[in-house]
Amino acid sequence: IKEITWRVIPEGSSRTIALETKEVGLVMDVAQGDVQRLMDTNGITVLTEKGTRINFMSMNSQKAPFDDINFRKGICSAVDREALCSVATSDTGVPARSPNPSVYEGATDELTCPYDPEKAAEYFSLSSYDPEGMEITCLCYSDETRRSAEVIQAYLSEFGINLKIETMDFAAFLSLMLD
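1. Focus on the pairing of strand E2 (residues 162-167)
Then comes step 1: As paired strands, strand E1 (residues 135-140) and E2 are joined by 6 bridges and run parallel to one another. In the sheet register, threonine 137 faces E2, and the bridge partner there is lysine 164.
Then comes step 2: Assessed by its sense of winding, the connection that carries the chain from E1 through helix H6 (residues 143-157) to E2 is right-handed.

Structure representation (structure tokens):
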């Protein structure tokens, strides 16, 4: 190979289309919703490996209502990670149970809250905050993180929590996270 042109194509479906139309010969970070279609396309090879990327919903434990451990545990127990992972990754991912990816030695799910709506209700009742009518904002930066937020939104709505979803580009997201 004498020359390689590296193009940044920020939007996932645009990367997929560029590959399908042979505008490019290789793409990385295929949008999850496009993986199966590419696998079914003659002449395209899809390589998958377990990775270190984790999509997560971060809660600032210094600010209300997340300063209450029972409220945080209520949120965690209210969301079915299996369903979330299935929808957000089109069945290509593995549910995250800890801050460390499962590919790392020593990763554990020992202290996680399993999906249990009854336990979530119990945690919320022990919390200093009533979830009914509460509005929380979730910031997203990609199609995948937005799909994850939409699943979380559906589960939390069962407890009266309105999860407002805001989507922004990754640079704006990082800027807010680092402030």
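2. Examining the environment of cysteine 85
Then comes step 1: Of note, cysteine 85 is situated in helix H4 (residues 81-89).
Then comes step 2: Spatially, the C-alpha atom of cysteine 85 lies 8.3 Å from that of alanine 96, the residues being 11 residues apart in sequence.
Then comes step 3: The residues touching cysteine 85, leaving out its near neighbours within four places in the chain, are Ser90, Asp91, Gly93, Val94 and Pro95.

3. So, the confidence of the model for the protein chain
Close inspection of predicted coordinates is inappropriate in any region flagged by low pLDDT.
Then comes step 1: Within the protein chain, residue pLDDT values average 89, and 100% of them lie at 70 or more.
Then comes step 2: Helix H5 (residues 117-126) holds the highest mean pLDDT among the elements of the protein chain, 98, whereas helix H7 (residues 170-178) holds the lowest, 86.

4. Quick look at the environment of phenylalanine 66
Then comes step 1: Relative to the elements of secondary structure, phenylalanine 66 occurs in the loop between helix H2 (35-39) and helix H3 (69-78).
Then comes step 2: Taking C-alpha positions, phenylalanine 66 is 23 Å from alanine 83, a pair spaced 17 residues apart along the chain.
Then comes step 3: Those residues in contact with phenylalanine 66, other than ones at most four positions away along the chain, are Met59, Asn60, Ser61, Phe71, Arg72 and Ile136.

5. A look at the pattern of salt bridges
Then comes step 1: Counted by the stated rule, this structure contains 7 salt bridges.
Then comes step 2: Glutamate 150 is the salt-bridge partner of arginine 146, the closest N and O atoms lying 3.3 Å from each other. Highlighted residues: arginine 146 and glutamate 150, both in helix H6, separated by 4 residues, approximately one helical turn.

6. Regarding the packing of aromatic side chains
Then comes step 1: Applying the stated rule across the entire model yields 8 aromatic pairs.
Then comes step 2: On the basis of an interplanar angle of 75° and a centroid distance of 5.6 Å, the ring pair of tyrosine 115 and tyrosine 155 is categorised as edge-to-face. Placement of tyrosine 115 in the loop between H4 and H5 and of tyrosine 155 in helix H6 is noted, with a sequence separation of 40 residues between them.
Then comes step 3: On the numbers, 5.3 Å between centres and 55° between planes, the contact of phenylalanine 124 with phenylalanine 159 is tilted. Of this pair, phenylalanine 124 sits in helix H5 while phenylalanine 159 is found in the loop between H6 and E2, placing the two residues 35 residues apart along the sequence.
Then comes step 4: Residue classification places phenylalanine 124 among the buried positions, given a relative accessible area of 4%.
Then comes step 5: Cluster of aromatic residues (ring-pair linked, three or more members): Phe66, Phe71, Phe124, Tyr129 and Phe159.
Then comes step 6: If you follow lysine 119 out to its NZ or CZ, it ends over the ring of tyrosine 123, 5.2 Å from the centre.

7. A short note on unusual backbone geometry
Then comes step 1: For the bond running from alanine 64 to proline 65, omega is -5°, close enough to zero to count as cis.
Then comes step 2: Looking at the secondary structure, you find proline 65 in the loop between H2 and H3.
Then comes step 3: Even without being a glycine, lysine 22 presents a positive backbone phi close to 65°.
Then comes step 4: Its location among the elements puts lysine 22 in the loop between helix H1 (12-20) and H2.
Then comes step 5: Here lysine 22 falls in the exposed class, since its relative accessible area comes to 66%.
Then comes step 6: For aspartate 29, which is not glycine, the phi dihedral falls at a positive 60°.
Then comes step 7: Relative to the elements of secondary structure, aspartate 29 occurs in the loop between H1 and H2.

About the criteria used
- Residues numbered from 1 in each chain as written.
- Predicted model: local features only at pLDDT ≥ 70, side-chain atom pairs only at ≥ 80, totals over all residues.
- Heavy atoms only, no water.
- Pairing = 2+ DSSP bridges.
- Helix = DSSP H or I, 4+ residues; strand = E, 2+ residues; numbered from the N terminus.
- Right-handed = clockwise from strand over helix to strand, strands pointing away.
- Contact = heavy atoms within 4.5 Å.
- pLDDT = per-residue confidence, 0-100.
- Salt bridge = Lys/Arg side-chain N within 4 Å of Asp/Glu carboxyl O.
- Phe/Tyr/Trp six-rings, centres within 6.5 Å; stacked < 30°, edge-to-face > 60°.
- Buried < 20%, exposed > 50% of the residue type's maximum accessible area, 1.4 Å probe, protein only.
- Lys NZ or Arg CZ within 6 Å of the ring centre and 35° of its normal.

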